[in-house]
Every structure is written in C-alpha cells, then in structure tokens.
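Analysis of the macromolecular model
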Amino acid sequence: THEVEHLKEKLISQAQEVSRLRSELGGTDLEKHRDLLMVENERLRQEMRRCEAELQELRAKPAAPCAGCEHSQESAQLRDRLSQLQLEVAENKGLLSELNLEVQQKTDRLAEVELRLKDCLAEKAQEEERLSRRLRDSHETIASLRAQSPPIKYVIKTVEVESSKTKQALSESQARNQHLQEQVAMQRQVLKEMEQQLQSSHQLTAQLRAQIAMYESELERAHGQMLEEMQSLEEDKNRAIEEAFARAQVEMKAVHENLAGVRTNLLTLQPALRTLTNDYNGLKRQVRGFPLLLQEALKSVKAEIGQAIEEVNSNNQELLRKYRRELQLRKKCHNELVRLKGNIRVIARVRPVTKEDGEGPEATNAVTFDPDDDSIIHLLHKGKPVSFELDKVFSSQASQQDVFQEVQALITSCIDGFNVCIFAYGQTGAGKTYTMEGTPENPGINQRALRLLFSEVQEKASDWEYTITVSAAEIYNEVLRDLLGQEPQEKLEIRLCPDGSGQLYVPGLTEFQVQSVEDINKVFEFGHTNRTTEFTNLNEHSSRSHALLIVTVRGVDCSTGLRTTGKLNLVDLAGSERVGKSGAEGSRLREAQHINKSLSALGDVIAALRSRQGHVPFRNSKLTYLLQDSLSGDSKTLMVVQVSPVEKNTSETLYSLKFAERVRSVELGPGSRRTELGSWSSQEHLEWEPACQTSQPSARAHSAPGSGTTSRPGSIRRKLQPSA
Ligand code: ADP
Ligand code: MG
C-alpha cells in the first residue's frame, strides 16, 4: 500500500507537472510574443507610411524655391538618408517576415508537440485508469485475502507475482515518463532558443526603433530648419517685394511728374515747333535763292573792292606825291628858318670857377648874366663893365644836356642831308674839350650827337636806310693827321674829288662805320690811345691842335630811292690865347703862329660866308679847306665860345667874346650882303695878320639899306635888327 500510495503521489505530481508543462507549452506565451510582434510590425508599418507621406509632401512643397540653395543640398542629403533608412526598413521588414515564418514554423511544431503530448497524456490516463482499476482489484483481493488469513500468504504471493507485473508496468510507464520528460526538455530547449531569437529580434526592433526615432528627429529638425529657412526666405522675399514696391512707387511718382512736365512741355513745344517748321520752310526757300544772291553780292563786292583798291592806289600815289612835295617844302622851310635865324650861330658857355683857378683876387668871378635875357653876358674888365649879346649864353650852371638841347636841331638836320659844323672856341682851360667830349660820366656834344643820330635813324628805319661813319683827325701846325689810322704820323692831303663835283676828300682818312654807342666808345678810345702814344704831353698838345670828329650820315629813302648825305663836323679848336711875339720862341712861336693863322682864317671864312661874298678864302688854312663843303652852301655852323669866369682871364675872355660877337654880328638880312671883314684887320689886340684877302671894304656897298649895323671892336650891346 505504501508503494501504491507513493505511486499515486508520483502520478499526481506528474500530472501536475504535465499540466504545468501544458500551461507552459500551451503556446500562449509564444503566441503572445508573436501577436505583440505582429502589432509592433503593424505600428512600424503605419509609421513608415506616415513618414513616406510626409516625405512625399516635403518633396512636393519646397523643391522650387530652394533650388540651388544649401538647404536643397541638405534636403538631398536627408533624402539620401531617408532612402537609406527606407532600405534598412525594407531589410528589417524582410527580417521580420523571416522571423514571422520562423514563428509560424515554431507554432506548427508546437501544435504537433501538443498533439503528441495529448496522445501521451491520453495514454497515460488510460494507463492510470487501468492501474487504478488493478489497484482496486488488488485492494479487494487483499481484503478478501485478509479475511481468509491462511490464504494470505498465497495472496501475497500472488500479489507479489502480480506486483512484479505492476512493477514492470511501472517501469514501463517510468520509461515512457522519462521519454516524455526528455521530450519536454527538448521542447524547452527549443523554446529557449526561440525565446533567444525573439529577444534578439526585440533588440533589433528596438535598435530599428531608435534609428527610426533618430531619423525622425533628424527629419523633424531638417523640416524645422527648412521651415525656418522658408520663413526667413519668405520674409526676405516679402521685404524685398515691399522695398521694390516702395521704390517703384517713388519712381513711378517721379516718372509721373516727368510725364506731366513733358506733357506740358510738349503742349508748349507744339506751337513752337509749328513756327519753327514755318521758319524752316521759309529759310529753305531763302537758301534755295541764296547762291544766286551770294553770286550777285560777291560780284558787286568784288567790283566795289576793285574800285576801292584803285581809289586807294591813286590815293597812295597822290599821297606819295604830296609827301615828296612836303619833304621838299620842309627842307625849303627848314633852310629858310635856318637862314632867317642865321645859319651861323654863336653861343657862349661860361665854365664854373674851379680849384685850378686858385684863390685870391685873381680867382674872383668877373662874369655876370642878365636874368631876363639869356643872350646877354656882362664882363667886368679892369673895373669896366662890358656887355655882349650873342645868340645864347649858358651860365656855369648849365648842364651838358642843356647845351646839347640847343644844338640838337642842328645835329638832326644832318639826317636830312645838311652839313653841320660845331666849333668850340676859347682860351685853353675855358672848357672846350669839356663841352665837346665831356667826361665818361657826363659826356659832351660828340657822344650825345651820335646817340641822337642813332635813335633818329632808328625811328626812320621803316622808310630810310642809313649808314653812319666816323672819322677823327687832328690839325697841328697846319698838318692833317688821321687819329684812327694805323700810322697817325702820316700827313694827309686834302684833294678835290676827281668826279668834278667840286667835293673834297681826304685820301687815306680812316672811316669807321658805327651802329651803336659801344662802337662810338671804341672809336673814341682808339683815337685817344693814338693821340696819347703820339704825344708825351697830350694836354699841351691838344691845346695847340684842332681835333675833328667827322660824322657822315648817308641815307636812302626806301620808297623813292632818294639819297642824302649829311656831314657833322665836331671841332675842338686849339686854344685861342694870344702869345706875345716877345714871349715866345722857336716851336712855341711857330705853333702860336699856326693857331693864329688858322683861327683867323676861320673867322675870315665865316665872315665871307655871312656876307655872301663871291670868294670865300677856304684855302687859307687846312681847317677851313678841310671843312669847305661843310661851311658853304646850305651848311650850318655853330660856334660855342668857351669863357673862363675868373678875374685873371678877363683879357682873354674879352677877346673871345669880341671874336664871337664879330662872327655873329655879320648878320645878314634877306638878299643883303654885308661885310664886316675890315674889322678883323683893325683889331688892335690881334697879333696876327688878317689872312683873308677877300675882306674888302668894297663889300659894304652891297649892304642892304636900313640894315646898317656895324660891328666894331669893343662895341657894346648892339641889338641887331635885320631889315625886313
Ligand atoms: P679846354 O679844353 O678849353 O682847354 P677843358 O675842357 O679841358 O678846357 O676844361 C678845363 C677844366 O675845366 C677841366 O678840368 C674841365 O673839367 C673843367 N670844366 C670846363 N667846363 C666845365 C663845366 N661846364 N662844368 C664843370 N667843369 C668844367
Ligand atoms: Mg682842350
């Protein structure tokens, strides 16, 4: 019974075990898993569909506006990622379906196992029933046997026998149980494997889900970004549109205004255009007629111009004729004027008192002037006042320029072809050289005359061509020498021109052409050097010789071809001081005689000229002979009588002034002929003989009635009134 009891317990536990296994194996868990997976799968599928739909939507929406921008690149990347994800999802789907298939197979196998288990259980139940029946039978037998105690042993024996049989059945059922257990274990193993597979599939699903979540978040981010960008783009676009709109509005406004202005302009221009068109048409008509008009006008203008030119030409001819006539007239008038004024004029110049004059009563001033009459000079000689009248008297205050002013007209007449002589006369030291040459700082007549000639010639340069030449000569002891020549010692001769013109010339006399003040200075310098080297005591020598500067002005009138030649002779005479026959010997006496001779010859010639004598004794001295053609005819002569103002020189001063007055007083009335030459010889102070043989008193017979002025030595203040 014990054993039975034990078996029963075992059976019950086995049944329990079986029921547990069934509940375990009942497939409910697996089925649940499968269902869960199915549900999960379904959800994923739905999600995927949603994603796809969204993607589709996104693809459809922003493709156009974002073309080319970086978002499109990003979205392309995202699309790529999405397609990758889709691929992965598809793979996962494949895996899932594989898993599903496996699950299906497993469930099928499970169903099979369950069937087998059911069979086993049914068999087991049958066996159990059979065994329990036998157990009951056995119990009954045991009870009956107990009642029949002797036979118990036997019963036990049978039971034992029968029990072995049961034992066998039990072992058999144990074996079967074993087998079933093995099978269950196997099933468990399978289940475990399946569970593991399920777990891995779960993990995979979780992974996939995480990936999907990630993709989703990425997608969402991209979507957000895209939206943001789209929004900003939209804003930009809107702003740009607004700005453009505002600008367009402003521009439109301006354009409208312009349009309005243009319209009004157009309105005002239309009438103007109309008038312009009219004008244009009128002008066109005029222009058509213009060439004809122009030709006519040109013809008439040409004719007029031709006429005008002819007129001008004839006018010109007329003017030229008149000009020539005027030129002639001017010359005539000039001649007349000079003739009226007297073509021999005498002026006096008193030098200032100098240091050389010394001090004391001898150096006192003996010369005074008339404040109202500049032609009067008073001299106090040995206590007696003596007065002289000359053409002009220059006091010691007179400047070089003042003196030059007086001789200027004379010098310019050279240009017109006149011959001019200017003499400086006076005792040594009276200022002859100062007046003629002057000092370098304050030049005298010589240089000023040449300057004037240059400037005058320059002024006339448009009509005249002039050449100015200069010669310098010296007459000492009646010998003529060239101061500019290479051999100053050579004696020069004065010859008549072989052309029969009666003109004189000096063969071998050097002539320099000068064009500027520099040239003159060079010439003067040269002459001076020549003279200095020639004579040891130049001062003494020059006071005993006549120095001549001969300027020749030759001109050609460009329009008429008229030729003129004028000569200007500037003569610094030898000292006029008289040398007593007793006080001089030898060479000094000879010099004095020569000087006296030449000076008296000059006086004679001038007198003869003034008295219009038929014969003028030019040949009586070298000086007058040389200057013959410059003293005769239309020539003009100016004598500057230099006067020393001091007391000790009064005798010489008186002598010089007398000489001057005598020269001057031979004033001629028109047509009158007078000679005062007789007076020359009657001068008691003159120690030289009158050289002039033509000084005949008979000449007086020609003097005009009424002009009866006479000049006698010592005559004081004779106002000369040439008879009209
Ligand atoms: P001449 O030539 O008659 O012998 P100068 O011309 O040599 O006399 O004159 C003698 C001196 O008197 C010189 O020193 C000169 O400078 C001076 N002299 C002459 N005239 C004037 C004057 N007007 N003003 C100033 N000094 C003069
Ligand atoms: Mg001198």
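All values reported here derive from a predicted model rather than from experimental measurement.

1. Points about the overall build of the protein
Looking only at helices and strands, one finds 14 helices and 15 strands in the protein. Partitioning the contacts of the protein with sequence separation of at least 6, the portion at a separation of at least 24 is 73%. Accessible area of the protein: about 43,000 Å², with a carbon and sulfur share of 53%.

2. Some points on the UniProt feature "coiled-coil region" (unreviewed entry) in the protein
UniProt marks residues 4–130, 177–243 and 298–329 with the feature "coiled-coil region" (unreviewed entry), using the numbering shown here. Secondary structure content for residues 298–329 is 100% helix and 0% strand, and the end C-alpha separation is 44 Å.

3. Overview of the packing of helix 7 (residues 445–459) against helix 8 (residues 517–534)
Two numbers describe how helix 7 lies on helix 8: the axes approach to 10 Å, and their chain directions differ by 150°. Put simply, helix 7 runs roughly antiparallel to helix 8. The interaxial crossing formed by helix 7 with helix 8 has right-handed handedness. In this structure, helix 7 contributes Asn446, Gln447, Leu450, Arg451 and Phe454 to the contact, and helix 8 contributes Val517, Ile520, Asn521 and Phe524. For the contact of helix 7 with helix 8, the class distribution of residues is 5 nonpolar, 3 polar and 1 charged.

4. Some remarks on helix 10 (residues 586–610)
Taking 1.5 Å of rise per residue, the 25 residues of helix 10 would be expected to cover 36 Å, and the 36 Å separating its terminal C-alpha atoms lies within 8% of that figure. For helix 10, the tally of buried residues reaches 18 of 25 residues, placing the bulk of the element in the interior. Phi turns positive, to about 50°, at Arg612, one or two residues after helix 10.

5. Remarks on the sheet that holds strand 4 (residues 384–389)
Judged by pairing direction, the sheet is antiparallel, and its 3 strands sit side by side in the order 2-3-4 without closing on themselves. What marks the edges here is a single partner per strand, and that holds for strand 2 (367–369) and strand 4. Taking each pair of neighbouring strands and ignoring which way they run, the sheet shows an average axis angle of 25°. Across 6 bridges, strand 3 (residues 376–381) lies against strand 4 in antiparallel orientation. Note on strand 4: the bridge partner recorded for Leu379 is Val386.

6. A look at the packing of helix 5 (residues 400–412) against helix 7
For the pair helix 5 and helix 7, interaxial distance at closest approach is 10 Å and the crossing angle is 50°. Put simply, helix 5 runs oblique to helix 7. At the point where helix 5 passes helix 7, the crossing takes the right-handed sense. Between helix 5 and helix 7, the contacting residues are Gln400, Gln401, Val403, Phe404, Val407, Gln408, Ile411 and Thr412 on the first element and Ile445, Arg448, Ala449, Leu452, Leu453 and Glu456 on the second. Looking at the contact of helix 5 with helix 7 residue by residue, the class counts come to 8 nonpolar, 4 polar and 2 charged.

7. Some thoughts on unusual backbone geometry
Most peptide bonds take the trans form, and the phi angle of most residues other than glycine is negative. Its identity is not glycine, yet Lys382 carries a phi of approximately 50°, on the positive side. Among the residues examined, Lys382 registers a relative accessible area of 65% and is labelled exposed. Despite not being glycine, Asn477 has its phi angle at roughly 50°, a positive value. Tracing the backbone shows Asn477 in the loop between strand 7 (464–476) and strand 8 (479–482).

8. Quick word on the nonpolar core
Ranked by size, the top nonpolar core spans 50 residues in total, and within it Phe423 and Met639 carry the most contacts. At 7 residues, helix 10 tops the list of elements feeding residues into this core. Beyond its immediate chain neighbours, meaning those up to four positions away, Phe423 contacts Val571, Leu573, Leu602, Leu627, Leu631, Thr637, Leu638, Met639 and Val640. One finds Ile415, Ile422, Ala472 and Leu568 within the second-largest nonpolar core, a separate group that totals 39 residues.

9. Digging into the confidence of the model for the protein
With 84% of its residues at a pLDDT of 70 or more, the protein shows a mean pLDDT of 81. Least confident of the elements in the protein is helix 14 (residues 677–682), whose mean pLDDT is 30; most confident is helix 6 (residues 432–436), at 96. This model gives residues 666–724 a pLDDT under 50, and the stretch forms 121 contacts once residues within four places in sequence are excluded.

10. Let's talk about the site of ligand 1
Surrounding ligand 1, one finds Arg349, Arg351, Pro352, Gln427, Thr428, Gly429, Ala430, Gly431, Lys432, Thr433 and Tyr434. One of the backbone nitrogen or oxygen atoms of Gly429 is found 2.7 Å away from an oxygen atom of ligand 1. One of the backbone nitrogen or oxygen atoms of Ala430 is found 3.4 Å away from an oxygen atom of ligand 1. Of all the elements, helix 6 adds the most residues to the shell around ligand 1, at 3 residues.

11. Points about helix 8
Between its first and last C-alpha, helix 8 extends 26 Å over 18 residues, near the 26 Å set by a 1.5 Å rise per residue. Along helix 8, the residues that are buried comprise Val517, Asp519, Ile520, Val523, Gly527, Asn530 and Arg531. Down the axis, helix 8 shows its buried residues gathered within 160° of arc, on one side only. The outward face of helix 8, more than 90 degrees from its buried face, is lined by the exposed residues Glu518, Lys522, Glu525 and Thr533. At its buried positions, helix 8 is contacted by helix 7, strand 7, strand 12 (512–514), helix 9 (538–543) and strand 13 (546–557).

12. Considerations on the pairing of strand 15 (residues 636–643)
The buried fraction of strand 15 is high, at 8 of 8 residues. In strand 15, alternate side chains face the same way, and those of Lys636, Leu638, Val640 and Gln642 on one face and Thr637, Met639, Val641 and Val643 on the other are all buried. Bridge analysis of strand 1 (residues 344–350) against strand 15 gives 7 bridges, and the strand direction is parallel. Note that in strand 15 the partner of Arg345 across the bridge is Leu638. Across 6 bridges, the pairing between strand 6 (residues 420–425) and strand 15 is parallel. Considered in strand 15, the bridge of Phe423 is made with Met639.

13. Observations regarding the pattern of salt bridges
Enumeration according to the criterion identifies 21 salt bridges in this entry. Among the ionic pairs, Glu318 bridges to Arg321, the shortest N-O distance being 2.4 Å. Taken together, the residues span about one helical turn, with Glu318 and Arg321 both in helix 4 (residues 149–341) at a distance of 3 residues. Since its relative accessible area comes to 28%, Glu318 is described here as partly exposed. Each of Glu40, Arg43, Glu47 and Arg209 takes part in one network of salt bridges that share partners.

14. Quick word on a nonpolar patch on the surface
A cluster of nonpolar side chains, namely Val287, Phe290, Leu293, Leu294 and Leu298, defines an oily patch on the protein surface of about 480 Å² accessible area. Note on placement: Leu298 falls in helix 4. Of the residues examined, Leu298 reaches a relative accessible area of 44% and is grouped as partly exposed.

15. Quick word on the side chain of His546
Structurally, the position occupied by His546 is in strand 13. If sequence neighbours within four positions are ignored, His546 has contacts with Ala473, Glu474, Ile475, Val571, Asp572, Leu573, Ala574, Ser598, Leu599 and Leu623.

Conventions and cut-offs
Residues numbered from 1 in each chain as written. Chains lettered and ligands numbered in written order. Predicted model: local features only at pLDDT ≥ 70, side-chain atom pairs only at ≥ 80, totals over all residues. Heavy atoms only, no water. Helix = DSSP H or I, 4+ residues; strand = E, 2+ residues; numbered from the N terminus. Contact = heavy atoms within 4.5 Å. Areas by Shrake-Rupley, 256 points an atom, 1.4 Å probe, with all protein chains shown as cover. UniProt positions renumbered as here; feature names shortened; annotations may be inferred. Axes fitted to C-alpha atoms, helices over the stretch in contact; angles between N-to-C directions. Parallel < 35°, antiparallel > 145°, perpendicular 65-115°, else oblique. Left-handed = near helix turned anticlockwise from the far one by under 90°. Nonpolar A, V, L, I, M, F, W, Y, C, P; charged D, E, K, R; others polar. Expected span 1.5 Å × (residues − 1). Buried < 20%, exposed > 50% of the residue type's maximum accessible area, 1.4 Å probe, protein only. Pairing = 2+ DSSP bridges. Core = buried A, V, L, I, M, F, W, Y, C linked by side-chain atoms within 4.5 Å. pLDDT = per-residue confidence, 0-100. Near = heavy atom within 4 Å. Polar contact = N/O pair within 3.5 Å; in protein donor to acceptor, adjacent residues only side chain to side chain. Arc of directions from axis to C-beta. Salt bridge = Lys/Arg side-chain N within 4 Å of Asp/Glu carboxyl O. Patch = residues over 30% accessible without salt bridge, like charges linked within 9 Å, V, L, I, M, F, W, Y side chains within 5 Å.

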